[in-house]
Amino acid sequence: MKKILFLDIDGVLNTERQHDRCVNEEISPVDGFGYAFDPEAVTNLKRILEETGADIVISSSWKLWGLDAMQRMWIRRGLPGKVIDITPNTESDEMLLSIDLNYMDIPAVKGSEIKEWLNNKGSEVTHYAILDDVPDILPEQESHFVQTDPRVGITEEDAKRIIYILKGLEDLL
């Protein structure tokens with residue numbers, strides 16, 4: 001049995017609250033990856049991973065740095081859990097140029113990338129959850145999705161909901 005957490009970073013671990021702390025305290029990035037992640041959000045991520053045994057697949061735009069960079073950052077920052085993969089990048093210039101910004105007709109890009117990852121690599125996945133600050137998902141993924149507040153990232157309540165989803169108890173929410 002394999003559980004996967006599809007994890008966004010900006011607005012989930014990289015929060016407005018932590019950015020403000022760093023600016024106010026004049027803390028500069030020291031590891032080449034930007035500002036340190038919000039410690040409260042990281043603590044809640046740790047709780048999720050410890051209680052579920054889930055592995056992480058990065059669905060964030062940070063994945064454009066590549067899987068090796070994400071894994072190095074995870075180790076260097078001492079973050080919880082294990083990053084096992086990144087979702088495929090399906091955004092094309094043609095697709096981005098075809099979006100009608102007047103109607104915000106933006107396709108569920110992340111949702112499509114998660115679906116593609118599950119179709120190609122998810123044969124052993126029994127439960128999955130999506131943690132993001134933007135509801136860029138497909139309709140069939142709604143029961144797997146928890147939206148964070150970008151100001152504070154993962155809260156205790158978000159962690160509880162993700163744990164229920166990853167344990168297959170979402171009907172109890």
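Everything below is about the structure printed above this text.
Because the structure is a prediction, the values reported are computed rather than measured.

1. Observations regarding the sheet that holds strand 3 (residues 83-86)
Across the sheet, five strands lie side by side as 3-2-1-4-5; this open sheet has parallel pairing. Edge positions in the open sheet fall to strand 3 and strand 5 (145-147), since each of these has one partner strand only. On average, adjacent strands in this sheet sit at an angle of 25° to one another, irrespective of strand direction. Looking at chain direction, strand 1 (residues 2-7) and strand 2 (residues 55-58) are connected through four bridges and run parallel. In the sheet register, Leu 5 faces strand 2, and the bridge partner there is Ile 56. Lying over the sheet, helix 2 (residues 39-52) contacts strand 1, strand 2 and strand 4 (125-132), oriented at roughly 165° with respect to strand 1.

2. Focus on the packing of aromatic side chains
Applying the stated criterion across every chain, the model contains five aromatic pairs. Ring pairing ties together the aromatic residues Phe 33, Phe 37, Trp 62 and Trp 65, which thus form one cluster.

3. Focus on the pairing of strand 1
Most of strand 1 is tucked away, with five of its six residues classed as buried. As paired elements, strand 1 and strand 4 share six bridges and run parallel to each other. Across the sheet, Lys 2 pairs through a bridge with Val 125, a residue of strand 4.

4. Points about the side chain of Lys 3
Along the polypeptide, Lys 3 turns up in strand 1. What makes Lys 3 buried here is its relative accessible area of 17%. Residues in contact with Lys 3, not counting those within four places in the same chain, are Thr 52, Ala 54, Asp 55, Thr 126, His 127, Leu 166 and Lys 167.

5. Remarks on the packing of helix 2 against helix 6 (residues 156-166)
Between helix 2 and helix 6, the least distance of the axes is 9 Å, while the angle of their chain directions is 20°. It follows from the interaxial angle that helix 2 and helix 6 lie roughly parallel. In this structure, helix 2 meets helix 6 at a crossing whose hand is right-handed. Of helix 6, the residues touching helix 2 (which contributes Asn 44, Arg 47, Ile 48, Glu 51 and Thr 52) are Glu 156, Ala 159, Lys 160, Ile 162, Ile 163 and Leu 166. Looking at side-chain class alone, the contact of helix 2 with helix 6 contains five nonpolar, two polar and four charged residues.

6. A short note on the environment of Val 152
Structurally, Val 152 can be placed in the loop between strand 5 and helix 6. Of the residues examined, Val 152 reaches a relative accessible area of 23% and is grouped as partly exposed. Expressed as a C-alpha distance, the spacing of Val 152 and Arg 17, which sit 135 residues apart in the sequence, is 5.8 Å. In this structure, Val 152 is in contact with Thr 15, Arg 17, Asp 38 and Ala 41, ignoring residues within four places of it in sequence.

7. Comments concerning the pairing of strand 2
Looking at chain direction, strand 2 and strand 3 are connected through three bridges and run parallel. Paired with Ile 58 across the two strands is Ile 86, which belongs to strand 3. Crossover handedness for the path strand 2 to helix 3 (residues 67-76) to strand 3: right-handed.

8. What to know about helix 6
Residues of helix 6 that are buried include every one of Asp 158, Ala 159, Ile 162, Ile 163, Ile 165 and Leu 166, and no others. Axial view of helix 6: buried residues confined to an arc of 160°, hence all on one face. Looking at the packing, one finds that the buried side of helix 6 touches strand 1, helix 2, strand 4 and strand 5. At the C-terminal side of helix 6, Gly 168 shows a positive phi close to 75°.

Reading guide: rules and limits
Residues numbered from 1 in each chain as written. Predicted model: local features only at pLDDT ≥ 70, side-chain atom pairs only at ≥ 80, totals over all residues. Heavy atoms only, no water. Pairing = 2+ DSSP bridges. Helix = DSSP H or I, 4+ residues; strand = E, 2+ residues; numbered from the N terminus. Axes fitted to C-alpha atoms, helices over the stretch in contact; angles between N-to-C directions. Contact = heavy atoms within 4.5 Å. Phe/Tyr/Trp six-rings, centres within 6.5 Å; stacked < 30°, edge-to-face > 60°. Buried < 20%, exposed > 50% of the residue type's maximum accessible area, 1.4 Å probe, protein only. Parallel < 35°, antiparallel > 145°, perpendicular 65-115°, else oblique. Left-handed = near helix turned anticlockwise from the far one by under 90°. Nonpolar A, V, L, I, M, F, W, Y, C, P; charged D, E, K, R; others polar. Right-handed = clockwise from strand over helix to strand, strands pointing away. Arc of directions from axis to C-beta.

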